[in-house]
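If you want the building blocks of each chain, they are given just below.
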Amino acid sequence: MTIDRMARGLKISAAIIMGFGLTTFLAATNPTLAMPSLWFVDLMTPPVAGAEGLTTPEGRLVLAILGGITFGWGVTTWQLAGAPLRATPEPIRKIVLTGFLAWFCLDSLGSVLAGAPWNVVPNIGFLALIAWPVARPVAVADAISV
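Residues numbered from 1 in each chain as written. Predicted model: local features only at pLDDT ≥ 70, side-chain atom pairs only at ≥ 80, totals over all residues. Heavy atoms only, no water.

(A) Structural detail: the packing of helix 5 (residues 89-113) against helix 6 (residues 120-131). At a minimum axis separation of 10 Å, helix 5 and helix 6 run at an interaxial angle of 175°. Taken as axis vectors, helix 5 and helix 6 run roughly antiparallel relative to one another. For the pair formed by helix 5 and helix 6, the contact residues are L97, F100, L101, W103, F104, D107, S108, S111 and V112 on the first element and V120, N123, I124, F126, L127, I130 and A131 on the second. Here the residues of the contact of helix 5 with helix 6 sort into 12 nonpolar, three polar and one charged. (Axes fitted to C-alpha atoms, helices over the stretch in contact; angles between N-to-C directions. Helix = DSSP H or I, 4+ residues; strand = E, 2+ residues; numbered from the N terminus. Parallel < 35°, antiparallel > 145°, perpendicular 65-115°, else oblique. Contact = heavy atoms within 4.5 Å. Nonpolar A, V, L, I, M, F, W, Y, C, P; charged D, E, K, R; others polar.)

(B) Main features of helix 2 (residues 35-44). Turning to helix 2, its buried residues are S37, L38, D42 and M44. Buried residues in helix 2, looked at end-on, bunch into an arc of 165°, giving them a common side. Facing away from the buried side of helix 2 by more than 90 degrees, the exposed set consists of W39 and L43. Against the buried residues of helix 2 lie helix 1 (3-29) and helix 6. (Buried < 20%, exposed > 50% of the residue type's maximum accessible area, 1.4 Å probe, protein only. Arc of directions from axis to C-beta.)

(C) Layout of the side chain of T77. Tracing the chain through its elements places T77 in helix 3 (residues 57-80). Overall, T77 belongs to the buried group, its relative accessible area being 3%.

(D) Spatial organisation of the packing of helix 1 against helix 3. Between helix 1 and helix 3, whose axes approach to 7 Å, the crossing angle comes to 160°. Relative to helix 3, helix 1 is oriented roughly antiparallel. Note on packing geometry: the crossing formed by helix 1 with helix 3 is left-handed. (Left-handed = near helix turned anticlockwise from the far one by under 90°.)

(E) Looking closely at the side chain of S108. Turning to its location among the elements, S108 is positioned in helix 5. In this structure, S108 is in contact with W103, V120 and N123, ignoring residues within four places of it in sequence.

Read these as layout, nothing more, since geometry by itself doesn't imply function.
Pasting the structure below:
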């Protein structure tokens, strides 16, 4: 993969992560926008009986924190896809990939331990979607020309 393709892919990944963070934040701050989050949590925690816990002040606080952290993670990824990636492509690739894998492992393990093992399935899809740009090293010729 070339540095330009990796940078473009990382910015797409960053935008997806920021979108998830913004959606989660909006679910916390505006109950009328919480339905997608409520449906998702309800599907991941059978039996489907309503995920009203997210609409409590405590649930909304957790959503707000999650939204802020996730949005910040996306912004960080976007920033790394610029000058840092061009200056040191392989270390940045490894840093981003390690961060994505750390999220995946902890989120998936936590989901299983919390009684929501089905969340591992969308986690696999989300990991594949955001990690594809950094899954392979930068082409040697491309890295040398930087």
